[in-house]
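# What the coordinates show
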Amino acid sequence: MNDPVEHAKRLAAFKAVDNHVVDGVIGIGSGSTVVYAVERLAQRVKDEGLEVICIPSSFQAKQLIIQHGLKLGDLETNPELKVTIDGADESDQMLTLIKGGGGCLTQEKILASCAEEFVVIADYRKASTNLGEQWSRGIPIEVIPSAYRVVYQKIEKTLGGKSELRMSGASKAGPVVTDNGNFILDWNFEGVKDWKEVEISLNMIPGVVENGLFVGMARKAYFGMSDGTVMERNV
């Protein structure tokens, strides 16, 4: 694998799956690093006879599970998870995360909250001292479509910063629509001191479904580094 970023993602994903997955119900996050986690999980199931049920956080995760021939489940029949493995757009030193760059933040946070252990996998570009050092696209906030304008006005009035409605790319006109049928605002914050307070404040605004701040949820993170090592962070 010649691309150092992809190699770093693979290293982090493989180490997390090797260290944390045992028989039981596993939450599968979304994003490019999770692709490698599912690859390694399928390999371990084949080689070791692991018995796992995989709960997806998104349409992408569901497709990955099916493509690799893993057993697919849902939260209705399996509401308690052994571990959830997921990526992040950015992590600070305390493993406070920004997630939702791919638009799956609500399901991802639900899976993280249901798991005995929430493990983060990412490459070296996502490891920061403070949030906002590497990730410049703001904090994703999933909103009810009819309320998006009200919500972003309230956010700017109460918390400052600037919000933008996330738009689709060239192949589709209009806003991004989540798997839940909602819109996403990206909030560019300023001078935040207490992330837990911000997370609660955002979710108290009527019309907000969930936000991409994951505070005090992750206990372990693996970051694949450019030199071929894996940096681990614990809190």
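Everything in this summary refers to the structure shown in the same document. None of these values were measured; they are calculated from a predicted model. (Residues numbered from 1 in each chain as written. Predicted model: local features only at pLDDT ≥ 70, side-chain atom pairs only at ≥ 80, totals over all residues. Heavy atoms only, no water.)

## Remarks on the overall build of the chain
Secondary structure summary: the chain contains 6 helices and 14 strands in total. Against the compact-globule benchmark of 18 Å for 235 residues, the chain has a radius of gyration of 17 Å, which places it among compact chains. Seen along its three principal axes, the alpha-carbon backbone of the chain occupies a region of about 55 × 40 × 35 Å. By the burial criterion, 50% of the 235 residues in the chain qualify as buried. The long-range share in the chain, meaning contacts at least 24 apart out of those at least 6 apart in sequence, stands at 73%. With an accessible surface of roughly 11,000 Å², the chain has 50% of that area assigned to carbon and sulfur atoms. (Helix = DSSP H or I, 4+ residues; strand = E, 2+ residues; numbered from the N terminus. Rg over C-alpha atoms; globule rule 2.2 N^0.38 Å. Buried < 20%, exposed > 50% of the residue type's maximum accessible area, 1.4 Å probe, protein only. Contact = heavy atoms within 4.5 Å. Areas by Shrake-Rupley, 256 points an atom, 1.4 Å probe, with all protein chains shown as cover.)

## Some details on unusual backbone geometry
Phi is positive for Leu 95, close to 60°, though the residue is something other than glycine. One can find Leu 95 in the loop between strand 5 (90-91) and strand 6 (97-98).

## Here's the deal with helix 5 (residues 148-159)
Under the 1.5 Å per step criterion, the end-to-end length of helix 5 is 16 Å for 12 residues, consistent within 8% with the ideal 16 Å. Among all positions of helix 5, only Val 151, Tyr 152 and Ile 155 are buried. Projected down its long axis, helix 5 shows its buried positions confined to an angular sector of 95°, all on one face. Exposed residues lying more than 90 degrees from the buried face of helix 5 are Lys 157 and Thr 158. Once helix 5 ends, the next one or two residues include Gly 160, with phi positive near 80°. (Expected span 1.5 Å × (residues − 1). Arc of directions from axis to C-beta.)

## Remarks on the pattern of salt bridges
Here the structure, examined in full by the defined rule, presents 13 salt bridges. Note that Arg 44 and Glu 48 form a salt bridge whose closest N and O atoms lie 3.0 Å from each other. Taken together, the residues Arg 44 and Glu 48, both in helix 2 (residues 32-48) and 4 residues apart, mark about one turn of the helix. Residue class for Arg 44 comes out buried when judged on its relative accessible area of 9%. Look at Glu 48 and you get partly exposed, because its relative accessible area is 48%. One salt bridge in this structure joins Asp 186 and Arg 166, with 2.8 Å as the shortest N-O distance. In this pair, Asp 186 sits in strand 10 (residues 183-188) while Arg 166 sits in the loop between strand 9 (162-165) and strand 10, placing the two residues 20 residues apart along the sequence. Judged on exposure class, the residue Asp 186 and its partner Arg 166 are both buried. Residues participating in the shared-partner salt-bridge network are Lys 109, Lys 196, Glu 199 and Glu 210. (Salt bridge = Lys/Arg side-chain N within 4 Å of Asp/Glu carboxyl O.)

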